[in-house]
Amino acid sequence: MSWDPYAALGVARTASQDEIRSAYRKLAKELHPDVRPQDKVADERFKRVTASFNLLSDSALKARFDRGEIDADGNEKATFGYRGGPGAAHARGYSSGAADSAFDLGDIFSDLFGSSAGTRTTFGKMRGRDIRLPLEIDFVDAIRGARRRVQLSDGRTLDVSVPPGVTEGQVLRLKSQGGPGVQGGPPGDALVELRIKPHALFRRDGDDVHMDLQISITEAIEGAKVQAPTASGPVTLTIPEGANSGKVLRLKGKGVGERGDQFVRLVVMLPEAPDEELRKFVKKWGKRDYTPPRPPP
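Treat the numbers as computed from the prediction; the structure is a model and nothing was measured. (Residues numbered from 1 in each chain as written. Predicted model: local features only at pLDDT ≥ 70, side-chain atom pairs only at ≥ 80, totals over all residues. Heavy atoms only, no water.)

## Some points on the sheet that holds strand β5 (residues 190-196)
In space, the 3 strands of this open sheet follow the order β1-β5-β4, with mixed pairing throughout. Strands at the two margins of the open sheet, each flanked by one partner only, are β1 (131-137) and β4 (171-174). Averaged over all pairs of adjacent strands, the angle between strand axes in this sheet comes to 25 degrees, irrespective of strand direction. Where β1 and β5 come together, 7 bridges link them in parallel fashion. If you follow L135 over to β5, its bridge partner there is L194. (Pairing = 2+ DSSP bridges. Helix = DSSP H or I, 4+ residues; strand = E, 2+ residues; numbered from the N terminus. Axes fitted to C-alpha atoms, helices over the stretch in contact; angles between N-to-C directions.)

## A closer look at the sheet that holds strand β7 (residues 208-216)
Pairing is mixed across the open sheet formed by 4 strands, whose spatial order is β6-β7-β11-β10. Both edges of this open sheet fall to β6 (203-205) and β10 (248-251), since each of them pairs with a single strand only. Each neighbouring strand pair of the sheet contributes to a mean axis angle of 35 degrees, computed without reference to strand direction.

## Things to note about the pattern of salt bridges
For the coordinates displayed, the defined rule picks out 22 salt bridges. A salt bridge links D159 to R149; the nearest nitrogen and oxygen atoms lie 2.7 Å apart. Placement of D159 in strand β3 (residues 157-162) and of R149 in strand β2 (residues 146-151) is noted, with a sequence separation of 10 residues between them. Residue class for D159 comes out partly exposed when judged on its relative accessible area of 24%. According to the relative accessible area criterion, R149 is buried, its value standing at 16%. A salt bridge links D189 to R173, with the shortest nitrogen-to-oxygen separation between them at 2.8 Å. Of this pair, D189 sits in the loop between β4 and β5 while R173 sits in strand β4, and the two are 16 residues apart along the sequence. Since its relative accessible area comes to 4%, D189 is described here as buried. (Salt bridge = Lys/Arg side-chain N within 4 Å of Asp/Glu carboxyl O. Buried < 20%, exposed > 50% of the residue type's maximum accessible area, 1.4 Å probe, protein only.)

## Topic: a positive patch on the surface
Among the surface-exposed residues, R279, K280, K283 and K284 lie close enough to one another that they form a single positively charged patch. Among the secondary structure elements, K284 is positioned in helix α9 (residues 276-284). Judged by relative accessible area, K284 falls into the exposed class, the value being 74%. (Patch = residues over 30% accessible without salt bridge, like charges linked within 9 Å, V, L, I, M, F, W, Y side chains within 5 Å. Areas by Shrake-Rupley, 256 points an atom, 1.4 Å probe, with all protein chains shown as cover. Lys, Arg positive; Asp, Glu negative; His and termini not counted. Charge placed at Lys NZ, Arg CZ, Asp CG, Glu CD.)

## Here we look at the packing of aromatic side chains
By the definition in use, this model includes 4 aromatic pairs. Look at Y6 and F65: their rings are 6.2 Å apart centre to centre, the planes differ by 40 degrees, and that puts the pair in the tilted class. You can see Y6 sitting in helix α1 (residues 5-9) and its partner F65 sitting in helix α4 (residues 59-66), a full 59 residues away along the chain. (Phe/Tyr/Trp six-rings, centres within 6.5 Å; stacked < 30°, edge-to-face > 60°.)

## Focus: the layout of surface pockets
Rolled over the atoms, a probe with the dimensions of a water molecule shows which regions are left empty. Roughly 730 Å³ of volume is contained in the largest pocket. Along the wall of the largest pocket there are 17 residues; nearest its centre are I217, I221, N244, W285 and Y290. Every element with two or more residues in the lining of the largest pocket is listed here: α8 (217-222) and α9. A per-class count over the lining of the largest pocket returns 13 nonpolar, 2 polar and 2 charged. (1 Å grid on protein atoms, 1.4 Å probe; cavity = no way out; pocket = protein on both sides within 12 Å on 5 of 7 lines; lining within 4 Å. Points joined across faces, edges and corners; volume = space filled by probe spheres on them. Nonpolar A, V, L, I, M, F, W, Y, C, P; charged D, E, K, R; others polar.)

Structure representation (structure tokens):
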């Protein structure tokens, strides 16, 4: 669960920017690693209050947080669709600029610890926070791979290359596309969590794909060549004579990559409304009383 940046800084939600700055100055002076070295608890609190200050001192991100659109980590709270198009930008910065122009952490640390503090390369330098993004993709795209576009909470759009064979819940890491670093620290990463939509025909089991294929009674009795869908496109499937419901045919190499196969389970279908001709045939059929093997009651 994400934290409350207002609570982390100890200010009210109605706090002014001066009050936010003042609260951060006080906590930074108390918790900074140079003041409390080897104190892991203080170090974690320092990171938290610094991240809170970064969020609340950026007017655009603060407004989105206050409206409930993002959490304290900058992650979207609601599912969003893909946006993009020919005019979509590929921005690389994270901050909207409002925080940078209004507050300089180097100035703050310089005020707190002396004029040289803001120039020390190790003082206050922290990696930016990672941002988690959900991305819903089609079943076939998960097998074949795809390129999709996502929008970050700050309005940036990123193109995501989905490699072939990805699985539900797999996370793709986009280096340096997360929150900005503090005091010259490196930016965080964008973590794209994949969600795969179910398919109307296909089911996945490891590297293999399974499906049911309906065939007619004529195709089952006489055998036939029919078109069967696969993730890589339709193929010709040979149905042997006397095929029955439940018979499984294997399409080698038509699963996930070259490792997986596709297994096609045949389902013999009668016409929805058998006509009188079929009824007469069944009454005269020599094997009309045949009973297939069934489990005992």
